[in-house]
Amino acid sequence: MPFHPELARKLAPLRGVTREDLATDPEAQRLFAEYVRDPAAWSMPAGVTVEDVTLDGPHGPIPVRAYRTPGTPARALLWAHGGGFAFGDLDKPEARVVSAELAARTGAFVVSVGYRPARDGVRHPVPIDDVDAAWRWLTGEAAPGVPAGLGGASAGAALVLATALRARDRAADGGGRAADLLLLAYPFAHYPNPALDDDLAAEMRELPPFTRFHPADVERMVRAYVGRISDVPPDALPGAARLDGLPATHILLSEYDDLRASGELLERQLREAGVPVSTYLARGMPHGHLNRTPALDEVDASLGYFAAALAAG
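The following paragraphs examine the structure supplied in this document. Keep in mind that this is a model prediction, so the values were computed, not measured. (Residues numbered from 1 in each chain as written. Predicted model: local features only at pLDDT ≥ 70, side-chain atom pairs only at ≥ 80, totals over all residues. Heavy atoms only, no water.)

### Digging into the pairing of strand β1 (residues 49-57)
Inference 1: As paired strands, β1 and strand β2 (residues 60-68) are joined by 9 bridges and run antiparallel to one another. What sits directly across from Thr49, in β2, is Arg68.
Inference 2: Hairpin geometry of β1 and β2 is characterised by an intervening segment of 2 residues between the two adjacent antiparallel strands. (Pairing = 2+ DSSP bridges. Helix = DSSP H or I, 4+ residues; strand = E, 2+ residues; numbered from the N terminus.)

### Structural notes on the packing of aromatic side chains
Inference 1: Using the criterion set out here, one finds 9 aromatic pairs in the structure.
Inference 2: Measuring from ring centre to ring centre gives 5.6 Å for Phe3 and Tyr256, while their planes differ by 50°; the resulting arrangement is tilted. Within this pair, whereas Phe3 is found in the segment before α1 (5-11), its partner Tyr256 is found in strand β7 (residues 248-256), the two being separated by 253 residues in sequence.
Inference 3: Under the relative-accessibility criterion, Phe3 is labelled buried at 12%.
Inference 4: Judged by relative accessible area, Tyr256 falls into the buried class, the value being 4%.
Inference 5: Where Phe32 meets Tyr35, the ring centres are 6.2 Å apart and the plane angle is 45°; that geometry is what we call tilted. Placement of both Phe32 and Tyr35 in helix α3 (residues 26-36) is noted, with a separation of 3 residues, approximately one turn of the helix.
Inference 6: Among the residues examined, Tyr35 registers a relative accessible area of 5% and is labelled buried. (Phe/Tyr/Trp six-rings, centres within 6.5 Å; stacked < 30°, edge-to-face > 60°. Buried < 20%, exposed > 50% of the residue type's maximum accessible area, 1.4 Å probe, protein only.)

### What to know about the environment of Val146
Inference 1: Within the secondary structure, Val146 is located in the loop between α5 (126-142) and β5 (148-153).
Inference 2: Classification of Val146 by relative accessible area gives buried; the value is 15%.
Inference 3: A sequence separation of 72 residues divides Val146 from Ala74, and the C-alpha atoms of the two residues are 6.5 Å apart.

### Some thoughts on the pairing of β5
Inference 1: Buried residues dominate β5, accounting for 6 of its 6 residues.
Inference 2: Side chains Ala148, Leu150 and Gly152 of β5 all project onto a buried face; the interleaved residues Gly149, Gly151 and Ala153 project onto the opposite face, where all are buried too.
Inference 3: With 5 bridges joining them, strand β3 (residues 76-80) and β5 adopt parallel strand pairing. Each residue of the ladder has a partner; that of Trp79, found in β5, is Gly151.
Inference 4: Note that β5 and strand β6 (residues 181-185) share 4 bridges and pair parallel. Residue pairing in the sheet places Ala153 in a bridge with Ala185 of β6.
Inference 5: Tracing the backbone out of β5, into helix α6 (residues 155-172) and back to the parallel element β6 gives a crossover that is right-handed. (Right-handed = clockwise from strand over helix to strand, strands pointing away.)

So this is what it looks like as structure tokens:
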């Protein structure tokens, strides 16, 4: 399928634009602002209440944002936004829109975690430690006894997968709660990042440079997060970790995404390890499409895929 027509129309004037251009060129910035504008504005779904909470974590306070609907929730979800491990916060659409929509569509108690970004001296495993602390709070204090899952996008998907591995191991030793399901959006789970197949690679070459994750871009992200590109700990990019014993996992892929190959490899690895896994391919979408709103049809369908998995438990 070609790039989504709504996005392709607005992407055409940005052909050749780099991330450096977006940082310095006012005209590129204007065109980019139009590109990221959705067909309709998003507003908080009716009946969803939002509460900001600060947790005590091993590295200091951790902000989380809780999304609820009326009544007693039948399940809970801890959600982690993406941002290359180094960027993003609780106000990012990939954090607030996804969390609110999943709460509204399922009645689940959804908590978005504001983990420390990997910059200003913060490195692995600090972001995982923050997510893990939020998981312990959710399952031990905020929603004890409620079936609970972990979900995240891009780098956030790597963080929740690493957290699920920790929770699996603690539960096997008789302590803590293992996750009941995983929701992983366009996960960044491997280093080096696997290569795309030839046909998709040829199509991706037609996209503006700022939409791409070239090997040098991936290397910079890993260096910022881990501090090096050799001897990368298995839980940092957990496609390298032991994956058996994880719960049912649902993987959302963006069609036009250099990191799509990581999600596809992760699916094969999980199947080989005996983990139940499903995937949904968001046709015509670039990486990070959950930063858009459900006014875009494939974003709505992607949220529906996750909501159905979460509701089914």
